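Okay, here's what each chain looks like letter by letter:
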Amino acid sequence: MSLALATLLFEWRRYMAAVMALALSGLMVLAMVGLFLGIGKSFTARIDRSGADIMILAPGAKALGNGPSGVPRRFIPLVYRHPAVVEVKALAAGAGTFQSIKNVDPTLSAAETARRGAPRQEFVQAQIIDTSPGSVTIPTDYSEELIQALRKPYTVAVDESALARLGVKLGDKALYNGQTVTVGAVTRGYPNMMVASIVMSRDTLRMLGQADNGPRVGPLMVKLRNPSQSDAVAAQLNAMGKGDYRAWTRSELADANQNAMFEEGILVVIIGGVTVLGIIIGVAITWQTLRGAIMANIKEFASLRALGVSMGSLRVIVVELSFWVGIVGVLAAGVLVWLVSLLANANGILMAFPLNAVLIVASGLIFIAMMSGFLSMGILKKSQPADLLR
C-alpha cells in the first residue's frame, strides 16, 4: 500500500470535507443533466417503447403527435407497397378537459354533475392505441391486463405520476369533455412532466366523438417482418416518398427528439451554469481542505525530508493523495446520485444518466482533485527538517 493511500485511510476525517465537496459537485452536475435528459426521455417514452420499427412523419417534423407531424392518409397504401411492411397504423390523438368527480351519476347533465361534484378540471392530451392483439400502436411494455381494460368502452388509463394531479385513482369515474369515463388502468414509466395525458382505445375515441376521418392522419407506425432491416427499409421508404415524408427508425427519432432539447439555449445556459458553479465549489473547498490536511502533516513531511526524500518525491505523494481523494469523491457522488434517482423514481420523476455523461463528470471530479493537489504543493516548502528541532 502506498504512503498516500495509507494516509487517506488512516486520517480520513481530515480529507472528508474534500471528498464531500467533490461528491456534491458531481451530484449538482449529474442531477441537473439527469433531470433534463429524464424530461427528454419522458417525451420520447412512446418512441422508445413503441411497437413500431419505423415511424413516418411529415418532412422536418421530429416529434410524435398530430399537426405538423401528420401525413396525408393516401400515404398508408403507398407504405404497404413495400414487401417488408406487415402493418401500418396512423397514430391518433385527442385533447380536452378532464374533470375529477366522485360518485358520478350518469343520468345527470355535465353541468349538474360538475356543480354537485366540485370537480378538479385539467387540460389533458389523449394518447390512442388499437387494442387488437399485437397492434403496432401498443407500447411494448403494456401488459395484457392493461390492454384488456382499455377494450372496455369509455375506459381510460392514467399514469401514476398524474393521478394526484387529476384527482383520481384506479376505478374512479371522471368527465372527459363532458362525457363519463372510467379510470380502468394505471400505467408506470410515462411521467407527465408538463401537460397531463390519458390513454384510451381508438374505439373509445370514436365513441367520444373525436375520431378524425379527414384527409390527413397522425404519424404512421410501421411494423416490419424483420425488425433488423429497419435502417435499410427506412431508406427505401424515403426514396419511395420522394421527399413527401420522412421515415425514421425508432432510435433515430428518439435521438432527434433529445437533441432538439439542447437546441434550446436556456437548457445549455442552465446546465453550463451549474457545471461552472460545481467546478468552482469543488476546486475551492477541495484545495483548502487538502492544504489544511498537508499543513497538519507538515512534521511528517519534514521527517521524510530529513530521511533524504526529495521534494519531487513529496510532490508525487501529494498528487497521488489528491488522486485517491478524487476516486473516493467519485464513489461518494455515485452513491448520492443513486439515492436521488431512487427518490425521483418514487415520485414519478424520470432521470436518465448516459454513460458518456457519467464518465465525463467522473473524469472532471478527478481532475478537480488533482488540480487542488497541484495548488496545495506550495505548502511543502514549510516542511523544513530544522523545524523538527523546535
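It should be noted that the structure appears before, not after, this text.
In this text the structure is predicted, and so the values were computed from the model without any measurement.

Novice: What am I meant to see in the overall build of the protein here?
Specialist: Check the secondary structure of the protein and you find 14 helices and 12 strands. Residues counted as buried form 45% of the 390 residues belonging to the protein. In the protein, the proportion of contacts linking residues at least 24 apart, taken out of those at least 6 apart, comes to 82%. When the accessible surface of the protein is totalled, it reaches about 19,200 Å², and 62% of it is carbon and sulfur.

Novice: What's the story with the packing of aromatic side chains in this structure? I'm lost.
Specialist: Within a pair of aromatic rings, the relevant descriptors are the distance that separates the centres and the angle that separates the planes. Within the structure shown, the criterion is met by three aromatic pairs. Both rings, one in F75 and one in Y245, keep their centres 5.2 Å apart while their planes meet at 65°; by these two values the pair is edge-to-face. Placement of the pair is F75 in helix α4 (residues 75-80) and Y245 in the loop between α9 (230-241) and β12 (246-249), with a sequence separation of 170 residues. Taken as a pair, F75 and Y245 share a single burial class, namely buried. Centroid distance Y142 to Y190: 6.0 Å. Interplanar angle 75°. Geometry classified as edge-to-face. Linking Y142 in the loop between β5 (120-129) and α6 (144-150) with Y190 in the loop between β8 (179-187) and β9 (196-201), this pair joins segments that are 48 residues apart in sequence. In this structure, R49 is placed above the aromatic ring of Y190, and the distance from its NZ or CZ to the ring centre is 4.6 Å. In this structure, R246 is placed above the aromatic ring of W248, and the distance from its NZ or CZ to the ring centre is 3.8 Å.

Novice: Mind showing me how you'd approach the side chain of S322 here?
Specialist: Looking at the element boundaries, S322 is found in helix α13 (residues 311-346). Setting aside residues no more than four positions away along its own chain, S322 makes contact with L290, A369, M370 and G373.

Novice: Quick question: what am I supposed to make of the sheet that holds strand β11 (residues 220-224) here?
Specialist: Each strand in a sheet pairs with its neighbour through backbone hydrogen bonds, running either in the same direction (parallel) or in the opposite one (antiparallel). Strand order in the open sheet formed by four strands is β3-β11-β1-β12, and the pairing between neighbours is antiparallel. The open sheet is flanked by β3 (85-90) and β12, the only strands paired with a single partner. Ignoring which end each strand starts from, the neighbouring axes of this sheet average 25° apart. The sheet contact formed by strand β1 (residues 54-57) and β12 spans four bridges and is antiparallel.

Novice: How do you make sense of helix α14 (residues 355-375) when you look at a structure like this?
Specialist: An α-helical segment advances 3.6 residues per turn. Residues three or four places apart therefore align on the same side. Look at α14: 30 Å from first C-alpha to last across 21 residues, which is about the 30 Å you get at 1.5 Å a residue. Looking only at α14, the buried set comprises A357, V361, A362, L365, I368, A369, S372 and G373. Each buried residue of α14 lies within a common arc of 160° when the element is viewed along its axis, so the set occupies one face. Of the residues in α14, the exposed ones pointing more than 90 degrees away from the buried face are L355, I360 and F367.

Criteria and thresholds
Residues numbered from 1 in each chain as written. Predicted model: local features only at pLDDT ≥ 70, side-chain atom pairs only at ≥ 80, totals over all residues. Heavy atoms only, no water. Helix = DSSP H or I, 4+ residues; strand = E, 2+ residues; numbered from the N terminus. Buried < 20%, exposed > 50% of the residue type's maximum accessible area, 1.4 Å probe, protein only. Contact = heavy atoms within 4.5 Å. Areas by Shrake-Rupley, 256 points an atom, 1.4 Å probe, with all protein chains shown as cover. Phe/Tyr/Trp six-rings, centres within 6.5 Å; stacked < 30°, edge-to-face > 60°. Lys NZ or Arg CZ within 6 Å of the ring centre and 35° of its normal. Pairing = 2+ DSSP bridges. Axes fitted to C-alpha atoms, helices over the stretch in contact; angles between N-to-C directions. Expected span 1.5 Å × (residues − 1). Arc of directions from axis to C-beta.

The quantities given are spatial measurements derived from coordinates; they are silent on function.
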